[in-house]
Amino acid sequence: MGKAGEQHTAAHGTERHLQELQEQLPIANARKQLISLVKAHQTLVLVGETGSGKSTQLPQYLYKAGLAEGKSIAVTQPRRVAATAIARRVAQEMGVQLGAEVGYAVRFDDRSSTATRIKYMTDGMLVREALIDPRLSRYKVVVLDEAHERTLPTEILFGLMKQIQEQRKGGLKLIVMSATLDAAKFAHFFDGAKVIYLQGRQYPVEMLYVSEPVDSYLDAALRTVVQIHVDEPSGDILVFLTGQDEIETLQRLIPERSLQLDDAESHGKMLVVPIYAALQPEQQANVFKPTPPGMRKVILATNIAETSITVPGVRYVVDPGFVKARSYNARLGSDSLQVVPISKAQARQRSGRAGREAPGKAFRLYTEAAYLGLQAASAPEIQRVSLASLALQLKQLGVADVRAFPFMDPPPPTALARALELLLALGALDQRGALSQPLGAQLVRLPLEPVFGKVLLSGAAMSCSEEALSVVSMASTDPVFLSSRNKQEVSTEMRKQFMSPLGDHITLLNVLTSYMKVTKSERGRWCEERLLNARSLRKALEIRGQLREHLLSLKVALKSCGDDLEPLRRAILSGLFMHAAILLPDNTYKVIASGQIVSIHPSSVLSGHKPRCIVFDELLRTTRNYVRNVTVVEPAWLPEIAPIFFQNKGSMVGRGH
DNA sequence: GAGCACTGC
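Residues numbered from 1 in each chain as written. Chains lettered and ligands numbered in written order. Predicted model: local features only at pLDDT ≥ 70, side-chain atom pairs only at ≥ 80, totals over all residues. Heavy atoms only, no water.

If you had to explain unusual backbone geometry to someone new, which residues and values would you point to?
In this chain, Gln 437 is followed by Pro 438 through a cis amide linkage whose omega measures 0°. Within the element layout of this structure, Pro 438 appears in the loop between helix H14 (413–426) and helix H15 (439–445). Positive phi, normally seen in glycine, also occurs at Glu 69, with a value near 50°. Inspection of the secondary structure puts Glu 69 in the loop between helix H2 (54–64) and strand E4 (72–77). Its relative accessible area of 55% is what places Glu 69 among the exposed residues. (Helix = DSSP H or I, 4+ residues; strand = E, 2+ residues; numbered from the N terminus. Buried < 20%, exposed > 50% of the residue type's maximum accessible area, 1.4 Å probe, protein only.)

Explain the state of the cysteines residue by residue, including any values.
Under the counting rule described, the total for this entry stands at zero disulfides. Unpaired in this structure, Cys 561 has its nearest cysteine sulfur neighbour in Cys 464, at a distance of 4.6 Å. Overall, Cys 561 belongs to the buried group, its relative accessible area being 15%. Free cysteine Cys 613: the closest other cysteine sulfur is in Cys 464, separated by 18 Å. Classification of Cys 613 as buried rests on a relative accessible area of 0%. (Disulfide = S-S within 2.5 Å.)

Give a description of helix H11 (residues 344–352) that names residues and reports values.
Where burial is concerned, most of H11 is hidden: seven out of the nine residues are buried. Here H11 has its buried residues at Lys 344, Ala 345, Gln 346, Ala 347, Arg 350, Ser 351 and Gly 352.

Summarise the packing of aromatic side chains; cite the residues concerned and give the values.
Scanning the entire structure with this criterion turns up 10 aromatic pairs. The interplanar angle of 45° and the centroid separation of 5.6 Å between the aromatic rings of Phe 158 and Phe 186 together place this pair among those described as tilted. With Phe 158 in helix H5 (residues 152–168) and Phe 186 in helix H6 (residues 183–189), this residue pair connects regions lying 28 residues apart in the sequence. The class for Phe 158 is buried, based on a relative accessible area of 0%. Three or more aromatic residues joined by ring pairs make a cluster, and in this case those are Phe 158, Phe 186, Phe 189 and Phe 190. Of note, Lys 162 hangs over the ring of Phe 189, and the distance from its end group to the ring centre comes to 4.3 Å. (Phe/Tyr/Trp six-rings, centres within 6.5 Å; stacked < 30°, edge-to-face > 60°. Lys NZ or Arg CZ within 6 Å of the ring centre and 35° of its normal.)

Quick rundown of the packing of helix H16 (residues 450–461) against helix H22 (residues 566–576)? Include the residues and the values.
Two elements in contact, H16 and H22, have axes whose closest approach is 7 Å; the angle formed by their N-to-C orientations is 145°. Pair H16 / H22 crosses with right-handed handedness. Each of Val 451, Phe 452, Lys 454, Val 455, Ser 458 and Gly 459 in H16 lies in contact with H22, whose residues at this interface are Ala 571, Ile 572, Ser 574, Gly 575 and Leu 576. Here the residues of the contact of H16 with H22 are counted per class, giving six nonpolar, four polar and one charged. (Axes fitted to C-alpha atoms, helices over the stretch in contact; angles between N-to-C directions. Left-handed = near helix turned anticlockwise from the far one by under 90°. Contact = heavy atoms within 4.5 Å. Nonpolar A, V, L, I, M, F, W, Y, C, P; charged D, E, K, R; others polar.)

Structure (structure tokens):
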């Protein structure tokens, strides 16, 4: 096909860049100014480009200037790796032991002590600390980094900080750090906080757009990769795709296409490496291996390469402009996963990946007009997810009326109403809407969605805490059964040895129970032979251990129900009753709570079976409404286990045929 | 009888 690539044209420079903004400084030159600004203002909004050093340098400046006043500086990050990596680097720069003056705290890993004065942590960890100490009294300064990502915990911290600042009357400084231009919004929310811009260390990236919209972005991506390979000097190519399927397709097509190229007209061979979250760790490691001489690496990535993973050596980015995003329908209580256009902020983030080490080029497989038509940023998480856990935490934080909490962007009223209804139905709230004792108070301590917390606590009450621990831990991790189209039959065969006619939860329990009996050194191989995701199982076991500790501290007896799994299934129902469904004559199911018609997902062990009544974890809308992770229950249990909820639905259960 | 992006406590 020679050089017949996409027609790309250069951008005309209409994009507003940080460089054009006033007061922009390299952080080292701004040191004194920053310190005095923090002294003078209660809240500061810091906009820093990539590589501005704001996350590593600023906390050190403030600490050395004595602004912690004997207390500590908390720096939050949305991701564990960032929190731990930055803490290590800062400890090294300051020449102190990690865990002494500088430390970090993330789930399963606490490297902090009473001596820690600069504490890096995930935003969720700071929320956990606030649940115990709502005034965050051990901190003098809180830094909310990557605020533009608008994660659910950071969202809570925004409102909480506003409240604490009133209570502590200037006793707590807040610094909001953002990589994008949302500064005005943050500043406005925090009553006109001072905004500072910091210069970064990023090389220029040339933006290239297609001149006409493309029919198929996958085709266009393939052609563009080949075009770059033929026309451009050395440097690796990063392609953003929406999922495993697309990655596997291009993984097959790129080598086929490159066979048709003469080595003379291109720069050696292309080495195609995939990267996505579900990929096994050993294969993930391939993206970090240096590109062999005379070759060009083509990285096929999901969104994981947008923020979580930085691949070295990338000079060219190919961006089709789409992402697979989850959205939550509060009214129906269902999720859907759809391929949608990215936002301008995401487009900038993606193209920025070409300029980490040298000037680069970004090939956008959409027109410049299309770019200008994208929404500025994707909707914050709070607009897109179930708010049950958030509402529960706000109650613990002393917010009597969660609707009146100072949200930066208020969540949809229906979503908040649904969350409160669910908490009431679970028994986590009393009739006045306060946290119930002891259930509500126990649920808020557990690092689980409230529905799964309820499963666990009911399991404990029904003398099957050991089994409930396993079920809930397995439900909290990524799928354990590896799925790849080519290994389909083997995978199904392997699953049989764990399969239970009682459903997926019991099947998952069987997997974890077997896994726990395997010696540590054998576990990797054991998983490999059975096509099980080793990482998921390792994580499930970690979660299980942590939850077990929680049960012990709640003084809950740890018991096993042995072979009689009825109490366990009742426990599962006691948390998931909103997701109970009854068989209809046409072999579909009707969700009792919402009236939705659903089918059992073909990946479920119950697919093809027709139990009269089921409960499930998740309702996903794709080609149909599918439910996943399903357990068989008895219709008669419904009014026993959730009497208030099923009082008026009794007749419907009876009709269940 | 399909096909799930990514985080986190």
